[in-house]
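# Fold and contact review
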There are 2 protein chains.
Amino acid sequence: MYFSIDHKSPLPLHVQAENLLRTIISDPQYANGKFLPNEVQLAKQLAISRSTLRHALNKLVYEGLLIRKKGVGTKVAEPTISSKSKNWLSFTQEMNARGITIKNFELHVTWVKPTEAVANFFGISTSKKILKLERLRGKTEGPFVYFISYFHPRVGLTGEEDFKRPLYDILEKDYMVIATLSKEEISAKAADKFIASKLEIESGSPILFRKRFVFDQGERPIEYNLGYYRADSFVYTVESRRE
Amino acid sequence: MYFSIDHKSPLPLHVQAENLLRTIISDPQYANGKFLPNEVQLAKQLAISRSTLRHALNKLVYEGLLIRKKGVGTKVAEPTISSKSKNWLSFTQEMNARGITIKNFELHVTWVKPTEAVANFFGISTSKKILKLERLRGKTEGPFVYFISYFHPRVGLTGEEDFKRPLYDILEKDYMVIATLSKEEISAKAADKFIASKLEIESGSPILFRKRFVFDQGERPIEYNLGYYRADSFVYTVESRRE
DNA sequence: ATTTTATATATGTACAAACATATAAACATA
DNA sequence: TATGTTTATATGTTTGTACATATATAAAAT
C-alpha cells in the first residue's frame, strides 16, 4: 500500500501530512514505539519539504502521539489511555487519536427522577424525570469505563438519538448546545458489586472515579457525568502552567 | 524601554523570543486584547527572521495566550479565570484554602541513586546520587498523603534546607528556580503494605496516586514527585474551558 | 444609498539551504 | 577492562524567499 499527498488539494500539505501520519501511526505495526523514517527521507517519500513535514510532526508531538529525540529519531508514543484536560476532544476522538478503537458494550437510555445531587446541580425539582444515559465502553479486549450521564431538560434530548455518534457532536449539531466549561472531581474508590461486575473486576478493586460537571457558554449546567474507570487501564493527565 | 535578543546566547532565538513575548504581553498595557505589531515588523524589531518569530508565536497561540486571525493580526487573549493559578498553589496553601491545617508526621531527606524512571526524566545517569525527600502529611486526626520527591541536581539543594517551609518558596527565594510547568498523571491503585502502614489503612485499600513532573521556565525538569493519597479524604479537582 | 470591486495589510503555506547539536556506535588509547 | 575519541546520523535552529488567502477599508459602479 502506498500513501501520497495531493499537491492540488485545497487542504494544506501539512494538514494532509498530519492526517496521513495519524493513519500511519495508528497502524498496529507502528503502535509499539516503532521509529518513523528519518525526516529527510520521510519528506522525500511524501514529496513535501522537510519544513512542511516538521510542521505536521510538531502537532503530533505536541499532542503526545510522537516522541522526538535529537540525534536519535522520532518514534510513536506508547498508546497510554489518558485524558488531557486541555483538549476538548471527545472521549471517542481522543481514544481514536491514540489508536484505540472504542467499543460500546452496553448502552441504556432511561427517563428517571434525578437524585438530590443531580437535581440540585441542575436547579430543578426531584419529581420531574430527566434523561439518563448509561454506557459501558472500552477496548475490544474488554470494557474499562462505565459512564452515567444526566442531561438538563433544557438541552432537549429525546432519547431517540444515535448515541453511537460522539456526544458533543450531537449536542452541537443537532441541539446547538455548546459545552464550554467543565469542572471535574477525581478520586479513588473501591468498586462496589455493580461496578465491579460491569468492569469485569473483583469487588473492592480500586477504581478511578470521575465526576464531571459540564456547562454551556452561559455557564448553565447541561450534563452531570459519572465515570468509573478500571485502575489498571486508565490514567488521567493534567498539564498546567503558571501565569 | 527596549527589548532585544542576544544572537550569541546558547538559548535558541525562538525560545528567547518566546520569553520576551511572554514578558511583553504580561504588561498591563497589552493585557486587554491589544494587537501586537505585525509579524514582519516585529521580526525586524527583534532582529530575527519571520519564521523564527512564528515559531515562538505558535507556542503562545497553542497555549492560548495569543489569538491570531488571518488578514487581521495577532492580539493578546483575554485573561480567563482558569484553574491554572489554582493548581499552582502549594499543597499547604491549597489545604489552608480548604480550611485544613497541615501537620507533618514524617520528614526524611536522603541521597539516593535514582530509579530508571527518575534518571530518564531528569536525563541523568542512574549512578549519580540525587536528593530524595519523603513526607507524610495530613490533618491533626491523622496522615492522608505520603509524598516522595526527587530533585534535579541542577537545582542545587543541599538537603540541609528547612523543609517545613513551603517548597516552592525555598526553590524561588533561595535557589532562584521557578517552577512553571507541571504535568500530572492521576490514577487509582491498591495500597501496598508500605503505603498502607504509612497512611494507616489496610493493605489493598484504594488510594489515589499522583505522579507529578515539574519543569522550570526553560522547560527543564526540576522535580519528580509521587503522591499517595487516602481515597477517603482526597479529591482532585480540575476545571477546563474550551477556546 | 447600496452594492460591487479593488487594494493594502496581515497571517498562512511552502520550499530550499545551511549549519548546530545531541546520540549511539565504532574505534582507539591508557 | 575501562575510558576517551571519532564519526555517521538524526533532530534542532535559522534565514531568506515567494506566493496564497482572509479581512477590512476605501473607491467605484450600480
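Criteria and thresholds
Residues numbered from 1 in each chain as written. Chains lettered and ligands numbered in written order. Predicted model: local features only at pLDDT ≥ 70, side-chain atom pairs only at ≥ 80, totals over all residues. Heavy atoms only, no water. Near = heavy atom within 4 Å. Polar contact = N/O pair within 3.5 Å; in protein donor to acceptor, adjacent residues only side chain to side chain. Helix = DSSP H or I, 4+ residues; strand = E, 2+ residues; numbered from the N terminus. Nonpolar A, V, L, I, M, F, W, Y, C, P; charged D, E, K, R; others polar. Buried < 20%, exposed > 50% of the residue type's maximum accessible area, 1.4 Å probe, protein only. Lys, Arg positive; Asp, Glu negative; His and termini not counted. Salt bridge = Lys/Arg side-chain N within 4 Å of Asp/Glu carboxyl O. Contact = heavy atoms within 4.5 Å. Pairing = 2+ DSSP bridges. pLDDT = per-residue confidence, 0-100. Phe/Tyr/Trp six-rings, centres within 6.5 Å; stacked < 30°, edge-to-face > 60°. Lys NZ or Arg CZ within 6 Å of the ring centre and 35° of its normal.

### Description of the protein's contact with DNA strand C
Around DNA strand C, 23 residues are found, and the nearest of them are A:L13, A:H14, A:T52, B:E39 and B:R50. Among all atoms of DNA strand C positioned within 4 Å of the protein, those belonging to sugar or phosphate total 71%. Taking B:N38, its side chain carries an N or O atom lying 3.1 Å from a phosphate oxygen of DNA strand C. The contact in question runs from a phosphate oxygen of DNA strand C to an N or O atom on the backbone of B:E39, over 2.7 Å. If you list the elements that add at least two residues to the surface near DNA strand C, you get α1 (13–26) and α4 (50–63) of chain A together with α4 (50–63), β1 (66–69) and β2 (73–76) of chain B. In terms of residue count, the dominant contributor to the surface near DNA strand C is α4(A) (three residues). Across the surface near DNA strand C, the residue classes break down as five nonpolar, ten polar and eight charged.

### So, the protein's contact with DNA strand D
Contacts to DNA strand D come from 24 residues, most closely from A:E39, A:R50, A:R54, B:L13 and B:T52. Within the backbone of A:E39, an N or O atom sits 2.7 Å from a phosphate oxygen of DNA strand D. In the environment of DNA strand D, a base nitrogen lies 2.8 Å from a nitrogen or oxygen atom belonging to the side chain of A:R50. Secondary-structure elements contributing two or more residues to the surface near DNA strand D are α4, β1 (66–69) and β2 (73–76) of chain A together with α1 (13–26) and α4 of chain B. Tallied by class, the residues present in the surface near DNA strand D amount to five nonpolar, eleven polar and eight charged.

### Observations concerning the side chain of A:R137
Residue and element names in this part refer to chain A. The topology assignment puts R137 in strand β5 (residues 130–139). There is no salt bridge for the buried R137, and the closest opposite charge comes from E223, which lies 9.3 Å off by N-O distance. In terms of polar contacts, R137 uses its side chain to reach the side chain of N104, at 2.9 Å. Beyond its immediate chain neighbours, meaning those up to four positions away, R137 contacts F91, T92, I102, K103, N104, F105, P143, F144, V145 and F147.

### As for the pairing of strand β4 (residues 130–139) of chain B
Residues and elements named next belong to chain B. With nine of ten residues buried, β4 lies mostly within the body of the structure. In terms of strand pairing, strand β3 (residues 103–112) meets β4 through nine bridges, oriented antiparallel. Along β4, the bridge assignment pairs K103 with G138. In this structure, β4 lies alongside strand β5 (residues 142–151), joined through nine bridges in antiparallel fashion.

### Considerations on the confidence of the model for chain A
The predicted model of chain A averages 83 in pLDDT, with 88% of residues at 70 or higher. The lowest-confidence element of chain A is strand β3 (residues 82–84) of chain A, averaging 56 in pLDDT; the highest-confidence one is helix α8 (residues 193–199) of chain A, averaging 96.

### Structural notes on the packing of aromatic side chains
All names here are of chain A. Applying the stated criterion to the full structure yields 20 aromatic pairs over all chains. Aromatic side chains F121 and F122 sit 5.3 Å apart centroid to centroid with 40° between the ring planes, which places their arrangement in the tilted category. Take F121: its relative accessible area is 18%, and that puts it in the buried class. Since its relative accessible area comes to 5%, F122 is described here as buried. Ring-pair connections join several aromatic residues into one group, and the members of that group are F121, F122, Y150, F213, F215 and Y224. The ring centre of F209 lies 4.2 Å from the NZ or CZ of K189, which sits over that ring.

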